[in-house]
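Listed here are the chains, written in short residue letters.
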Amino acid sequence: MLVTLTGDKTGSLLKYNIESKDVTVVLHNLTYPNGVALSKDGNFLLVAETTNCRILRLWLKTPKAGRLEVFTDLPGYPDNIKINEKGEFWVAMYSRKIEVLSWIHSNPWIVNILSKFPFDLVRLSSYIVGKLGGEGLAAKLGVDGEILNILEDVNGKVWKHASEVMERDRYLWIGSVENPFAVKMKIQE
């Protein structure tokens, strides 16, 4: 949580070569990278950036190889990304974007001031997210980054704080870091 509050940009995407056992840095200066998915054709890789509420696309093949771009901006904090059989992507989101946290991200000096008060900043921010953004939230993305569908349990009664959404056999499986169970939902076509 502190990584999100401070806007820390020390995240990296690493590549491991199984044969040579070499590790190389593919991307650096990421703000809380939290999920990776390869496109069905292998042309690009997606990386979820939690703090910035967005998905980045790194082109691996085609004339765009090596180019990094914003794939899509999201309405919440992504906490993983999975590809389905059609090549579309499901993004789990911990909660909707909370404007007070966005304001804090854009003014890092606020975290410095708040850290001087005699309370646990991480516990306070977790409380704020729990009270203001306790809904279940997931988005289905097309291969060009368009948001095809948003699923939301506004009150968080069935599921909340999604950390994983996986599509299999016309069902969605939704996991959460807060709940001791997974939710199975039939996909409505």
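In this text, all values refer to a predicted model and were calculated from it rather than measured experimentally.

Thresholds, definitions, all that
- Residues numbered from 1 in each chain as written.
- Predicted model: local features only at pLDDT ≥ 70, side-chain atom pairs only at ≥ 80, totals over all residues.
- Heavy atoms only, no water.
- Helix = DSSP H or I, 4+ residues; strand = E, 2+ residues; numbered from the N terminus.
- Polar contact = N/O pair within 3.5 Å; in protein donor to acceptor, adjacent residues only side chain to side chain.
- Contact = heavy atoms within 4.5 Å.
- Pairing = 2+ DSSP bridges.
- Axes fitted to C-alpha atoms, helices over the stretch in contact; angles between N-to-C directions.
- Buried < 20%, exposed > 50% of the residue type's maximum accessible area, 1.4 Å probe, protein only.
- Salt bridge = Lys/Arg side-chain N within 4 Å of Asp/Glu carboxyl O.

**Student:** Please give an account of the side chain of glutamate 167 that cites residues and values.
**Tutor:** With respect to the element layout, glutamate 167 can be found in strand S11 (residues 162-168). Separated by 2.6 Å, the side chains of glutamate 167 and tryptophan 90 make a polar contact. Setting aside its immediate chain neighbours within four residues, glutamate 167 contacts Asn84, Trp90, Lys140, Leu172 and Ile187.

**Student:** Explain the sheet that holds strand S10 (residues 147-153) residue by residue, including any values.
**Tutor:** Strand order across the open sheet formed by 4 strands is S7-S8-S9-S10, with antiparallel pairing between neighbours. Two strands bound the open sheet, and with one partner strand each, they are strand S7 (76-83) and S10. Direction aside, neighbouring strands of the sheet carry axes that sit 20° apart on average. The pairing of strand S8 (residues 89-96) with strand S9 (residues 136-141) spans 5 bridges and is antiparallel. Directly across from tryptophan 90, in S9, lies its bridge partner lysine 140.

**Student:** Outline unusual backbone geometry, supporting the account with residue identities and numerical values.
**Tutor:** Glycine aside, residues mostly have negative phi, and peptide bonds are mostly found in the trans state. Residues other than glycine seldom take positive phi values, yet asparagine 29 does so here, at roughly 60°. Looking at the element boundaries, asparagine 29 is found in strand S2 (residues 23-30). Positive phi values are uncommon outside glycine, yet cysteine 53 reaches one of about 50°. Locating cysteine 53 in the fold gives a position in the loop between strand S4 (44-49) and strand S5 (54-59). A residue is classified by how much of its surface remains accessible, and cysteine 53, at 2% relative accessible area, is buried.

**Student:** Could you give an account of the pattern of salt bridges, naming the residues involved and the relevant values?
**Tutor:** Counted according to the given criterion, the structure contains 5 salt bridges. Put simply, arginine 54 and glutamate 49 hold a salt bridge, and the shortest N to O gap is 2.6 Å. Residue class for arginine 54 comes out partly exposed when judged on its relative accessible area of 23%. We classify glutamate 49 as buried; its relative accessible area is 2%. The shortest N-O distance in the salt bridge between glutamate 164 and lysine 82 comes to 3.2 Å. Taken together, the positions of glutamate 164 in strand S11 and lysine 82 in strand S7 put the pair 82 residues apart, joining distant regions of the chain. We classify glutamate 164 as partly exposed; its relative accessible area is 25%.

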